[in-house]
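# Residue-level structure breakdown
Each chain is listed here by its residues.
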Amino acid sequence: MADPVPVLTIDGPSGSGKGTVSRLAAARLGWHYLDSGALYRAVGAAAARAGLDLADVEALARLTRDTRIEFREDPDGELRVLVDGEDATDALRTEEAGAAASTIAAIPEVREALKDRQRGFRRPPGLVADGRDMGTVIFPDAPFKVFLTASAGERAERRYKQLKGKGVSVTMDGLLREILARDARDADRAVAPLRPAPGAVHIDTTGLGIDEVVERVLAVVAS
Ligand SMILES: Nc1ncnc2c1ncn2[C@@H]1O[C@H](COP(=O)(O)OP(=O)(O)OP(=O)(O)O)[C@@H](O)[C@H]1O
Ligand SMILES: Nc1ccn([C@H]2C[C@H](O)[C@@H](COP(=O)(O)O)O2)c(=O)n1
């Protein structure tokens, strides 16, 4: 039987604005929100902490299943990520954690071990799910699908402003290189590569403000 709980999937490359737009869209709709990238970031960090060999796929799958990952909203409305009971939000948002997540996300056993956990976020009245394979693999039956993009230059610029705002020392060249490397790793892997889902509405956010993108995304749900 078809699942009656609606899902809006928002996939796209790093820095396209998925997380920002998904959170705002979920708040406007009154739906739940899944940041699937945070799950891969948490597993990447847990594997590094445990010193696991990335070739030991059975140990990685076990670690993926056993790592406790919880999302909590703090009093300012910020989403915090708790890994095995500890607040790991800030550590998980670094570029290094993103790269580690992208590497571990290419391992089929890790992806498989996260599938049911991600699907468990589908609860009434609805779910906004952001990631790379939300519309293609995790929620292929979602009634609403969006693929967000932006030029690599604009994505690097957004990240630059974001990190500078946090006092992190970065260069535009370095960020652009990291973004292109992550795009390639996420799109070229054999399993669940970054792709627009069939039927997804493409929104190129280059030159668009956040509010404009949110309105365009909500129009997809209203259509
Ligand atoms: N349309 C936009 N215009 C300007 N800045 C934006 C826009 N969308 C997002 N941003 C800003 O760009 C930065 C990255 O956005 P966000 O984290 O939502 O991207 P993402 O696609 O989720 O990235 P990642 O996959 O790496 O988590 C944030 O500082 C955010 O405020
Ligand atoms: N559905 C997903 C979500 C994330 N990943 C991998 C690939 C990304 O580079 C990395 C970090 O994600 P982000 O927090 O930047 O959205 O995790 C994936 O493969 N599939």
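Predicted, not measured: the structure shown is a model, and the values here were computed from it.

## Observations regarding the site of ligand 2
- The environment of ligand 2 is formed by 16 residues, the closest being Arg41, Arg111, Asp133, Arg182 and Asp186.
- In this structure, an oxygen atom belonging to ligand 2 sits 2.8 Å away from a side-chain N or O atom of Arg132.
- Where the shell around ligand 2 is concerned, the elements lending two or more residues are helix H2 (36-50), helix H5 (95-104) and helix H9 (172-188).
- With four residues, H2 is the single largest residue contributor to the shell around ligand 2.

## Describing the site of ligand 1
- Close to ligand 1 lie 19 residues; Ser14, Lys18, Thr20, Arg159 and Leu208 are nearest.
- Between ligand 1 and the protein, one listed contact pairs an oxygen atom with a side-chain N or O atom of Arg182 at 3.5 Å.
- The protein chains hide 83% of the 640 Å² of surface that ligand 1 would expose on its own.
- Of all the secondary-structure elements, those providing two or more residues to the shell around ligand 1 are helix H1 (18-29), helix H8 (152-165) and helix H10 (210-222).
- Split into classes, the residues belonging to the shell around ligand 1 amount to four nonpolar, eight polar and seven charged.

## Points about the sheet that holds strand E5 (residues 86-87)
- Strand order across the open sheet formed by three strands is E3-E4-E5, with antiparallel pairing between neighbours. Single-partner strands in this sheet number two, and they are strand E3 (69-73) and E5.
- Pairing of strand E4 (residues 79-83) with E5 involves two bridges; the strand directions are antiparallel. In the strand pairing of E5, Leu82 is matched with Asp87.

## Notes on the UniProt feature "binding site: ATP" (unreviewed entry) in the protein chain
- The UniProt feature table records "binding site: ATP" (unreviewed entry) at Gly12, Pro13, Ser14, Gly15, Ser16, Gly17, Lys18, Gly19 and Thr20.
- Here Pro13 is to be found in the loop between strand E1 (7-11) and H1.
- Residue class for Pro13 comes out buried when judged on its relative accessible area of 8%.
- If we ignore the near neighbours within four places in the chain, the residues touching Pro13 are Lys18, Arg132, Phe147, Leu148, Thr149, Arg155, Asp183 and Leu194.

## Thoughts on the pattern of salt bridges
- This structure, assessed with the given rule, holds 15 salt bridges.
- Close ionic contact of Glu215 with Arg28 constitutes a salt bridge, the shortest N to O distance being 3.0 Å. Of this pair, Glu215 sits in helix H10 while Arg28 sits in helix H1, and the two are 187 residues apart along the sequence.
- With relative accessibility at 52%, the residue Arg28 sits in the exposed group.
- Between Arg189 and Asp186 there is a salt bridge; the shortest N-O distance is 3.7 Å.
- Within this structure, Asp3, Arg122 and Asp141 form a network of salt bridges that share partners.

## A short note on the side chain of Ser16
- Relative to the helices and strands, Ser16 is located in the loop between E1 and H1.
- On the basis of relative accessible area, Ser16 is assigned to the buried category, the value being 1%.
- Within polar-contact distance, the side chain of Ser16 engages the backbone oxygen of Pro13 at 2.7 Å.
- Ignoring any residue separated from it by four or fewer positions in sequence, one finds Ser16 in contact with Leu148, Thr149, Ala150, Arg155, Arg158 and Thr205.

## Here's the deal with the UniProt feature "domain: Cytidylate kinase" (unreviewed entry) in the protein chain
- UniProt records the feature "domain: Cytidylate kinase" (unreviewed entry) for residues 9-221 in the present numbering.
- Taken end to end, residues 9-221 is 52% helix and 16% strand, and its two terminal C-alpha atoms sit 10 Å from one another.

## Quick word on the nonpolar core
- Among the nonpolar cores identified, the biggest contains 29 residues, and Leu34, Val43, Ile104, Val110, Leu127 and Phe139 are the most heavily contacted of them.
- Counting only elements with at least two residues in this core, the list comes to H2, helix H3 (57-66), E4, H5, helix H6 (108-119), strand E6 (127-131) and helix H7 (134-138).
- The element contributing the most residues to this core is H2, with seven residues.
- Once residues lying within four places of it in the same chain are set aside, the contact partners of Leu127 are Pro6, Val7, Leu8, Trp31, His32, Tyr33, Leu34, Phe121, Arg122 and Phe139.
- Counting residues in each nonpolar core, the second largest holds 18 residues, with Leu8, Ala25, Trp31 and Leu148 among its members.

## Here's the deal with the packing of aromatic side chains
- Tallied over the full model, the rule gives two aromatic pairs.
- Where Phe71 meets Phe121, the ring centres are 5.8 Å apart and the plane angle is 75°; that geometry is what we call edge-to-face. Taken together, the residues Phe71 in strand E3 and Phe121 in the loop between H6 and E6 connect sequence positions 50 residues apart.
- The exposure class assigned to Phe121 is buried, which follows from its relative accessible area of 16%.

Rules used in this analysis
Counting of residues starts from 1 at the beginning of each chain's written sequence and follows it residue by residue. Key to labels: chains lettered from A, ligands numbered from 1, both in the order written. Where local features are concerned, this predicted model is filtered to residues with pLDDT of at least 70; where side-chain atom pairs are given and counted, the filter is 80 or more; whole-chain, interface and lining totals use all residues. Think of the side-chain values as coming from all heavy atoms in the structure, minus any hydrogens and water. Only heavy atoms are used to decide nearness, and a residue is near a molecule or strand if one of them lies within 4 Å of it. Pairing of N or O atoms within 3.5 Å defines a polar contact, subject to two protein rules: one partner must be a possible hydrogen donor and the other a possible acceptor, and residues neighboring in sequence count only if both atoms are side-chain atoms. By the criteria applied, helices consist of DSSP H or I runs no shorter than four residues and strands consist of E runs no shorter than two, each listed in order from the N terminus. To be clear on the numbers: accessible area is Shrake-Rupley with a 1.4 Å probe, and residue cover counts the displayed protein chains and nothing else. Each residue is assigned to one of three groups, with Ala, Val, Leu, Ile, Met, Phe, Trp, Tyr, Cys and Pro labelled nonpolar, Asp, Glu, Lys and Arg labelled charged, and all others, Gly among them, labelled polar. Two strands pair under a simple rule: DSSP has to find at least two bridges between them. UniProt positions are given in the numbering used here, feature names are shortened, and annotations may be inferred rather than shown by experiment. Burial classification: accessible surface area is computed with a 1.4 Å probe over protein chains only, and a residue below 20% of its type maximum counts as buried, one above 50% as exposed, and the rest as partly exposed. What makes two residues a contact is simply this: any of their non-hydrogen atoms within 4.5 Å. Here, a salt bridge means any Lys or Arg side-chain nitrogen found within 4 Å of an Asp or Glu carboxyl oxygen. Among the buried residues, those of types Ala, Val, Leu, Ile, Met, Phe, Trp, Tyr and Cys that are joined through side-chain atoms within 4.5 Å form a nonpolar core. Any Phe, Tyr or Trp ring, taking Trp's six-membered ring, that has another such ring centre within 6.5 Å forms a pair; planes under 30 degrees apart are called stacked, those over 60 apart edge-to-face, and the others tilted.

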